[in-house]
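# Inside the fold
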Amino acid sequence: MSATVPTAAADDRIAELRGQIDACDTEIIALVQRRLAVSQEIGELRRTAGGTRLSLAREQRVIARFQDALGPEGAALGMVLLRQGRGRL
Ligand SMILES: C=C(O[C@@H]1C=C(C(=O)O)C=C[C@H]1O)C(=O)O
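The structure reproduced in this document is the subject of the present report. (Residues numbered from 1 in each chain as written. Predicted model: local features only at pLDDT ≥ 70, side-chain atom pairs only at ≥ 80, totals over all residues. Heavy atoms only, no water.)

A separate point is the site of the ligand. Arg35, Ser39, Ile42, Arg46, Leu54, Ser55, Arg58, Glu59, Val62 and Leu82 make up every residue found near the ligand. Within the side chain of Arg35, an N or O atom sits 2.8 Å from an oxygen atom of the ligand. Arg46 places a polar side-chain atom, nitrogen or oxygen, 3.0 Å from an oxygen atom of the ligand. With the chains in place, 90% of the 350 Å² that the ligand exposes on its own is no longer accessible. Elements that contribute at least two residues to the shell around the ligand include exactly helix H1 (7–48) and helix H2 (56–70). Examining the composition of the shell around the ligand, we find that 4 residues originate from one element, H1, more than from any other. In terms of residue class, the shell around the ligand is built from 4 nonpolar, 2 polar and 4 charged. (Near = heavy atom within 4 Å. Polar contact = N/O pair within 3.5 Å; in protein donor to acceptor, adjacent residues only side chain to side chain. Areas by Shrake-Rupley, 256 points an atom, 1.4 Å probe, with all protein chains shown as cover. Helix = DSSP H or I, 4+ residues; strand = E, 2+ residues; numbered from the N terminus. Nonpolar A, V, L, I, M, F, W, Y, C, P; charged D, E, K, R; others polar.)

Written out as structure tokens, the structure reads:
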């Protein structure tokens, strides 16, 4: 016997869960903005100290972390975050 969830109950639960997704997205957006600001500050410090703006070795470690935690799509997400911080190369 399959349990059928009444449509109204399912709709209520979906609305509730979407509220949770919206809350997650709000946090993710704030974290991405914070990450970007930190990354740009590091880039500026390295540039004014006469170094390169990017560190490919560090970027590989960042990507590997996303890959290990989230798989191939995680690696793609890590790449998006790195690209966002690069601005114009
Ligand atoms: C923020 C840094 O500078 C750049 C930006 C990185 C990032 O956004 O994670 C990583 C490496 C660098 O290319 C850093 O060296 O840590």
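Still more ground to cover, so stick around.
Taken N-terminus to C-terminus, the directions of H2 and helix H3 (residues 72–86) make an angle of 145°; their axes are 6 Å apart at the nearest point. Of the two possible hands of crossing, H2 and H3 adopt the one that is right-handed. Taking contact as the criterion, the partners of Leu56, Glu59, Val62, Ile63, Phe66, Gln67 and Leu70 in H2 are, on H3, Pro72, Glu73, Gly74, Ala75, Leu77, Gly78, Met79, Leu81, Leu82 and Arg86. A per-class count over the contact of H2 with H3 returns 11 nonpolar, 3 polar and 3 charged. (Axes fitted to C-alpha atoms, helices over the stretch in contact; angles between N-to-C directions. Left-handed = near helix turned anticlockwise from the far one by under 90°. Contact = heavy atoms within 4.5 Å.)

This part is about H1. The first and last C-alpha atoms of H1 sit 61 Å apart over 42 residues, in line with the 62 Å expected at 1.5 Å per residue. Of the residues trailing H1, Gly50 is marked for its positive phi of about 85°. (Expected span 1.5 Å × (residues − 1).)

This part covers the packing of H1 against H3. Running from N to C, H1 and H3 point in directions that differ by 50°, and their axes come no closer than 9 Å. Considering the angle they form, H1 stands oblique to H3. Classified by chirality, the crossing of H3 by H1 is right-handed. Between H1 and H3, the residues in contact are Val32, Arg35, Leu36, Ser39 and Gln40 and Leu81, Leu82, Gln84 and Gly85, respectively. Residues that form the contact of H1 with H3 fall into these classes: 4 nonpolar, 4 polar and 1 charged. (Parallel < 35°, antiparallel > 145°, perpendicular 65-115°, else oblique.)

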